[in-house]
Amino acid sequence: MASGRGLSNDLATLWLQAPVVMAIRLQQMWMDALAGSVNAVEMNRMVSEKIMAAAESAVAVNAAMVQQGFAVLTAAGATSQRSIADAVAHAAIKPYSRRVRSNVRRLSK
């Protein structure tokens, strides 16, 4: 089962670091616009990473649902609904959180 702490850390990453990534990228887009150029590599990366994160999230949610279903069946009801929801939510959020953290590291250099 996923820990609530991992989910909390991933949600905090999205809450605190996603606006930083957006601000850095907007600044880069404005600078490119002023220079009359387009950074096609970064634009493509912005779109493709979201598509990949959504696909990875969908697969992870399905896997977590199956895993939690088996846990409920084998534990004979000892698994709480909250822990199941936390595990599935963590599986859904983790791909986005991981990408946001890597974007902050990469873009802030």
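Residues numbered from 1 in each chain as written. Predicted model: local features only at pLDDT ≥ 70, side-chain atom pairs only at ≥ 80, totals over all residues. Heavy atoms only, no water.

**Some remarks on the overall build of the protein chain**
Helix and strand counts for the protein chain come out as 3 helices and 0 strands. Secondary structure elements of the protein chain occur, N-terminal to C-terminal, as α-α-α. Structurally, the protein chain occupies a C-alpha span of about 65 × 20 × 15 Å along its principal axes. When the 109 residues of the protein chain are sorted by exposure, 28% land in the buried category. (Helix = DSSP H or I, 4+ residues; strand = E, 2+ residues; numbered from the N terminus. Buried < 20%, exposed > 50% of the residue type's maximum accessible area, 1.4 Å probe, protein only.)

**Some points on a nonpolar patch on the surface**
A surface patch of nonpolar side chains, amounting to about 350 Å² of accessible area, comprises Val 66, Phe 70 and Leu 73. Relative to the elements of secondary structure, Phe 70 occurs in helix α2 (residues 40-75). For Phe 70, a relative accessible area of 53% puts it in the exposed group. (Patch = residues over 30% accessible without salt bridge, like charges linked within 9 Å, V, L, I, M, F, W, Y side chains within 5 Å. Areas by Shrake-Rupley, 256 points an atom, 1.4 Å probe, with all protein chains shown as cover. Salt bridge = Lys/Arg side-chain N within 4 Å of Asp/Glu carboxyl O.)

**A short note on α2**
Relative to the 52 Å expected for 36 residues at 1.5 Å per residue, α2 spans 51 Å between its end C-alpha atoms, a close match to the ideal helical length. Among the residues of α2, Glu 42, Met 46, Glu 49, Ala 53, Ser 57, Ala 64, Gln 68 and Ala 71 are the ones counted as buried. (Expected span 1.5 Å × (residues − 1).)

**So, the nonpolar core**
In this structure, Ala 18, Val 21, Ile 24, Val 100, Val 104 and Leu 107 together form the largest nonpolar core, which totals 6 residues. Elements that contribute at least two residues to this core include exactly α1 (4-35) and α3 (81-107). Other than its neighbours up to four places away in sequence, Val 21 contacts Val 100, Asn 103, Val 104 and Leu 107. (Core = buried A, V, L, I, M, F, W, Y, C linked by side-chain atoms within 4.5 Å. Contact = heavy atoms within 4.5 Å.)

**Focus: the pattern of salt bridges**
Oppositely charged side chains are able to pair whenever their charged atoms sit close together. Counted under the stated rule, the structure contains 8 salt bridges. Ionic pairing is found between Arg 98 and Glu 56, a salt bridge with its closest N-O pair at 2.1 Å. You can see Arg 98 sitting in helix α3 and its partner Glu 56 sitting in helix α2, a full 42 residues away along the chain. The class of Glu 56 is partly exposed, set by a relative accessible area of 29%. Overlapping salt bridges bring together Arg 25, Glu 42, Glu 49, Lys 50 and Arg 106 as one network.

**Quick look at the environment of Arg 105**
For Arg 105, the position within the fold is in helix α3. Taking the relative accessible area as the measure of exposure, Arg 105 reaches 53% and is therefore exposed. A C-alpha to C-alpha distance of 24 Å links Arg 105 and Ala 60, two positions 45 residues apart in sequence.

**A few points about the side chain of Thr 13**
With respect to the helices and strands, the residue Thr 13 is situated in helix α1. For Thr 13, the side chain forms a polar contact with the side chain of Arg 101, separated by 3.4 Å. Discounting residues that sit within four places of it in the chain, Thr 13 has contacts with Ala 18, Ser 97, Val 100 and Arg 101. (Polar contact = N/O pair within 3.5 Å; in protein donor to acceptor, adjacent residues only side chain to side chain.)

**Quick look at the side chain of Arg 25**
Within the fold, Arg 25 resides in helix α1. Residue Arg 25 is classed as buried on the basis of its relative accessible area, which comes to 6%. When near neighbours in sequence (up to four residues on either side) are disregarded, Arg 25 contacts Glu 42, Arg 45, Met 46, Glu 49, Lys 50, Asn 103, Arg 106 and Leu 107.

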